[in-house]
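So the chains spell out like this:
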Amino acid sequence: MTDRIAPPRWLRPLNAVLLVARRLGLGWTRELPVLVLPGRRTGKLRHTPVSVLDLDGQRYLLEGFPGADWAANARAAGVGTLVVGRREERLRLVELPPADAVPVLRAWPVRIPQGAKIMRDGGVVPDLEPDTFAALAGRCAVFRLEPVGPTGSDI
């Protein structure tokens, strides 16, 4: 991966507000997907709101900003938990090689337009074209989510 790009200053506080709203069960945030991973240094559980892309029967996460902490934690841990509503699912996070990531990257701005706009506004990409996102292969990691344990359990 290449140099780190800092996300917009408002993204971290927004994520914190979304996590609180989710915990309180407010509106659409009840179903907000949250990735839970141990911190690579402390082991403390870190909660990150994420956008999950469903493509050809597989699920993927995109490191929206090169050098994102959650992606480094995913590499270190290899497994994490995806929580959606009251369901939690233990997952293996498999980082794709750049060539395999291209179809996922091309689909991202079409399927996850809000996430793509955040990346554009944060300076990761100049526009929302699929070819522009495909060019991020090797710069922004793509992780395939693979179940490793029981699914659909209540928290």
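Residues numbered from 1 in each chain as written. Predicted model: local features only at pLDDT ≥ 70, side-chain atom pairs only at ≥ 80, totals over all residues. Heavy atoms only, no water.

Some points on the overall build of the protein chain
What the protein chain contains, in helices and strands, is five helices and eight strands. Along its sequence from the N terminus, the protein chain presents helices and strands in the succession α-β-β-β-β-α-β-β-α-α-α-β-β. Since a compact globule built from 155 residues should have a radius of gyration of about 15 Å, the 15 Å found for the protein chain is in line with a globular shape. For the protein chain, the spread of C-alpha atoms along the three principal axes comes to 40 × 30 × 30 Å. Per-residue burial over the protein chain gives 42% buried out of 155 residues. When the accessible surface of the protein chain is split by element, carbon and sulfur atoms take 53% of a total near 8,500 Å². (Helix = DSSP H or I, 4+ residues; strand = E, 2+ residues; numbered from the N terminus. Rg over C-alpha atoms; globule rule 2.2 N^0.38 Å. Buried < 20%, exposed > 50% of the residue type's maximum accessible area, 1.4 Å probe, protein only. Areas by Shrake-Rupley, 256 points an atom, 1.4 Å probe, with all protein chains shown as cover.)

Some thoughts on the nonpolar core
Buried together is how nonpolar side chains tend to be arranged in soluble globular proteins. The biggest cluster of nonpolar side chains holds 22 residues, and the ones touching the most others in it are Leu 53, Trp 108, Met 119, Val 124, Phe 133, Leu 136 and Val 142. Mapped by element, the contributors of at least two residues to this core are strand E3 (53-55), strand E4 (58-62), helix H3 (98-111) and helix H4 (113-121). When residues in this core are grouped by element, the largest group, five residues, is from H3. Ignoring anything within four residues of it in the chain, the contact list for Met 119 reads Leu 62, Gly 64, Phe 65, Trp 108, Val 124, Val 125, Phe 133, Leu 136 and Cys 140. In this structure, Leu 35, Val 52, Leu 82 and Ala 141 belong to the second largest nonpolar core, which totals 16 residues. (Core = buried A, V, L, I, M, F, W, Y, C linked by side-chain atoms within 4.5 Å. Contact = heavy atoms within 4.5 Å.)

Brief notes about the packing of aromatic side chains
Enumeration according to the criterion identifies one aromatic pair in this entry. Relative to Phe 143, the ring of Trp 70 lies with its centre 5.5 Å away and its plane at 55°, an arrangement referred to as tilted. Of this pair, Trp 70 sits in helix H2 (residues 69-77) while Phe 143 is found in strand E7 (residues 142-147), placing the two residues 73 residues apart along the sequence. You can call Trp 70 buried: its relative accessible area is 12%. Overall, the relative accessible area of 1% leaves Phe 143 in the buried class. (Phe/Tyr/Trp six-rings, centres within 6.5 Å; stacked < 30°, edge-to-face > 60°.)

Observations regarding the pairing of strand E5 (residues 79-84)
Most of E5 sits out of view: five of its six residues are buried. In this structure, strand E1 (residues 34-38) lies alongside E5, joined through three bridges in antiparallel fashion. Directly across from Val 34, in E5, lies its bridge partner Val 83. (Pairing = 2+ DSSP bridges.)

Quick notes on the side chain of Arg 22
Position of Arg 22 among the secondary structure elements: in helix H1 (residues 11-24). The charged side chain of Arg 22 is buried without a salt bridge, its nearest counter-charge being Glu 31 at 7.5 Å. There is a polar contact of 2.9 Å between the side chain of Arg 22 and the backbone oxygen of Gly 85. Each residue touching Arg 22, except ones within four places of it in the same chain, is listed here: Thr 29, Arg 30, Leu 32, Val 34, Val 83, Val 84 and Gly 85. (Lys, Arg positive; Asp, Glu negative; His and termini not counted. Salt bridge = Lys/Arg side-chain N within 4 Å of Asp/Glu carboxyl O. Polar contact = N/O pair within 3.5 Å; in protein donor to acceptor, adjacent residues only side chain to side chain.)

None of this, on its own, says anything about what the molecule does.
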